[in-house]
Amino acid sequence: MRKKLVSAGLTVAVAFLLVTNPVVVDAAGKITGAQIKDGTITTKDVKDQSLLAADFGSGQLPAGATGAAGPAGAPGPTGPTGPTGATGATGLTGATGLTGPAGPTGPFGVIDNQVGVVPVAPVAGAYSFLGDTTPLTITVSSRFSASISATLGTATGSVAIPRLAICTQPSGGGALTDFSNDYHQNINVTTTRAAVSLSGLSDARAAGSYLIGMCIRDNPTAFGNNDWSTGWVEAIPAANVFGRPELSAQR
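Worth saying up front: this structure is predicted, and the values here are computed from it rather than measured.

For the protein, the mean per-residue pLDDT works out to 75, and 70% of the residues sit at or above 70. Low confidence marks residues 243-251, where pLDDT is under 50. Its contacts with residues over four positions away, or in another chain, come to 17 contacts.

Pasting the structure below:
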């Protein structure tokens, strides 16, 4: 029993000397990992909660649960606008479209009246209207188109050989002018009433208002036994006149 007490006292004394001896304490502070034998440090030698994650190698610590997504960041600034591309070349001109239809014709007039007695021509070589006339107004370079019929006959059985045409006369008065190039028709008039028809297209006339109707000249004898004249007259723009070379050349 005495030996055990002596041994315990020696142990305590040695431990006290180790703890309180500065040399021993300093030596303990200078121990490095190289001086520690591998595999000798166990979990009981490590202070709880003293190690950091950096003290462990990759994959040694289990991954924690994925955290909640953070708020979206603010949009970045808009980048600068790129330069505008060069303008392309102008395309080819398309084909010309078809010509549209001709416009409407000009004013229209109707002749429908009794002819009456045809007198002897008051002036040799001058025309006088035969029966009804109709007034029409035209613009520059317009022409007249007309078709007029009349029934004529002598009262006494004598025969006349007059010259018939379609004439125009300025509404303000003046000489009668046949439609074009002395275009006329010579007829024989007897006691048998006969129908006479004339149609034609005038030369160009100055703009203005005119009277248009059938006309007669060179009748040496007055004659009656007449009936009615009927027909139509129309003003035609020059652009709508075709077919007669002498008229087309004047357009």
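A complete count under the given rule lists 1 aromatic pair for this structure. Taken together, a centroid distance of 5.7 Å and an interplanar angle of 75° make the contact between Phe144 and Tyr210 edge-to-face. Residue Phe144 is found in strand 3 (residues 143-152), and its partner Tyr210 is found in strand 8 (residues 208-217); the two are separated by 66 residues along the sequence. Comparing Phe144 with Tyr210 shows no difference in burial state: the two are buried. Cation over ring: Arg217 sits above Tyr127, and NZ or CZ is 5.4 Å from the ring centre.

Attention now goes to the nonpolar core. Generally speaking, soluble globular proteins have nonpolar side chains that are buried together. Within the largest apolar cluster, 23 residues are counted, with the highest numbers of intra-cluster contacts made by Phe144, Leu152, Leu164, Ile166 and Ile212. Contributing elements (two or more residues each) for this core: strand 2 (128-138), strand 3, strand 4 (163-170), strand 7 (194-201), strand 8 and strand 9 (228-236). A total of 5 residues in this core trace back to one element, the largest contributor, which is strand 3. Within the second largest apolar cluster, 5 residues are counted, among which are Tyr127, Ala165, Leu176 and Cys215.

What counts and how
Residues numbered from 1 in each chain as written. Predicted model: local features only at pLDDT ≥ 70, side-chain atom pairs only at ≥ 80, totals over all residues. Heavy atoms only, no water. pLDDT = per-residue confidence, 0-100. Contact = heavy atoms within 4.5 Å. Phe/Tyr/Trp six-rings, centres within 6.5 Å; stacked < 30°, edge-to-face > 60°. Helix = DSSP H or I, 4+ residues; strand = E, 2+ residues; numbered from the N terminus. Buried < 20%, exposed > 50% of the residue type's maximum accessible area, 1.4 Å probe, protein only. Lys NZ or Arg CZ within 6 Å of the ring centre and 35° of its normal. Core = buried A, V, L, I, M, F, W, Y, C linked by side-chain atoms within 4.5 Å.

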